[in-house]
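# Structural characterization, general
So you can see what is in the structure, the chains are spelled out below.
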Amino acid sequence: MAQTPKEPEELTKITKDKKPSTIKAYRISYNKLLDLVKLPYIYEKEDNEPTDDVDTLINRVMDDKFSKLNTKQLALNILLMIFREYKLDGQKKIIAQRDENKKKIDLDRIQKNKIVKDELPSYEDLQKMLNKLYTDEEYLRYIVNYLMVMLSIRNKDIGCVRVVDSKKKMTNQDDNYLVITQKYVLFVRYNYKTSGTYGVKENRITNKKFTSALLNYMDENKLSLDQDGFYLLRKKNGERLPCEKVGDMLKYLTIDDLNETMIAKIKITDIADKPNALQKIKKLSNNRGTKTDTIISHYDLNY
């Protein structure tokens, strides 16, 4: 059996004690850095210096015409980590270039956000389209879009939703649940992108249209809450839809062909224009399972 190639020592050092997801991201950026500088590694152990002078390394990263600014920024970050790890001269030059590149990224984002904001519907229009789905009796689309619009959740959160009538039936923590009660629907999320950091999330949905849509959808499709209930998105045999198929199915269900990111941007941009915006964004970011700074910098189209 062929052995897995040993990773370079410089990569192993900067990924020490990191989470598997972080190590994977660093490895991708490290390999891209080597590709940009056209070298097999950065640190020359025998001479205790970089394989090339810092100016040449920086210029090779920045002169590449086919890589995006964000890709270059990630490569510069890895380069700086290696220089810091081995206490190499030239760190200030890398930081200066990284800061200059960050300004370009920010300017590019502002310009793109302005275009996106002009093209996307307003939050008010989004709510009107949501209500129209209910009026038109498109109940599954209403349920899916209600969760995405009102709770700003991700595709993954919806992809594994099982509908039940008792919390006692929430036996699989790989699933999320819509628990129908007499007074409300409880949305419980075990399985979402950042669950390891933010833990289990619960939302009590008291909107009568939402409950009605669920019951009508069940009636139309002859679905029962007996035994373990049913998956909201499922295969013909009733099994849960595979994760890789969720995005494709949601393309046909979401309002106006909007994806999860677009919907989140519309809502967050609307909140940012309202009083007590920061408090509301913090509440939304906690519910979504995302840092507040990330919400503001990546989803607020005014930013």
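In this report, we go over the structure that sits alongside the text. Bear in mind the structure is a predicted one, so any value in this text is a computation, not a measurement.

Another aspect to go through is the overall build of the protein. Within the protein one finds 14 helices and seven strands. By principal-axis analysis of the C-alpha atoms, the protein measures approximately 75 × 55 × 30 Å. Scored against the burial criterion, the 303 residues of the protein give a buried share of 43%. In the protein, 56% of the contacts between residues at least 6 apart in sequence involve partners at least 24 apart. Within the structure as shown, the protein displays about 18,000 Å² of accessible surface, and the carbon and sulfur contribution to it stands at 49%. Separation between the mean location of the 57 positive side-chain charges and that of the 46 negative ones in the protein comes to 5 Å.

Another aspect to go through is the pairing of strand 3 (residues 161–164). With burial as the criterion, each face of strand 3 is covered, one bearing Val161 and Val163 and the other bearing Arg162 and Val164. Both strand 3 and strand 4 (residues 176–180) contribute to a ladder of four bridges, which runs parallel. Counterpart to Val163 in the pairing with strand 4 is Leu178. When strand 3 meets strand 7 (residues 230–231), the two strands line up antiparallel, connected through two bridges. Across the sheet, Val163 pairs through a bridge with Phe230, a residue of strand 7.

Among the nonpolar cores identified, the biggest contains 43 residues, and Leu147, Leu178, Phe210 and Leu232 are the most heavily contacted of them. For this core, the secondary-structure elements that each account for two or more residues are helix 6 (123–135), helix 7 (139–151), strand 3, strand 4, strand 5 (185–189), helix 10 (208–220), helix 11 (243–253) and helix 12 (260–272). Once residues within four sequence positions are removed from consideration, Leu178 is found in contact with Leu147, Val161, Arg162, Val163, Val164, Val185, Leu186, Phe187, Phe210 and Leu214. Counting residues in hydrophobic clusters, the runner-up holds 26 residues, among them Ile42, Leu57, Phe83 and Ile94.

Conventions used here
Residues numbered from 1 in each chain as written. Predicted model: local features only at pLDDT ≥ 70, side-chain atom pairs only at ≥ 80, totals over all residues. Heavy atoms only, no water. Helix = DSSP H or I, 4+ residues; strand = E, 2+ residues; numbered from the N terminus. Buried < 20%, exposed > 50% of the residue type's maximum accessible area, 1.4 Å probe, protein only. Contact = heavy atoms within 4.5 Å. Areas by Shrake-Rupley, 256 points an atom, 1.4 Å probe, with all protein chains shown as cover. Lys, Arg positive; Asp, Glu negative; His and termini not counted. Charge placed at Lys NZ, Arg CZ, Asp CG, Glu CD. Pairing = 2+ DSSP bridges. Core = buried A, V, L, I, M, F, W, Y, C linked by side-chain atoms within 4.5 Å.

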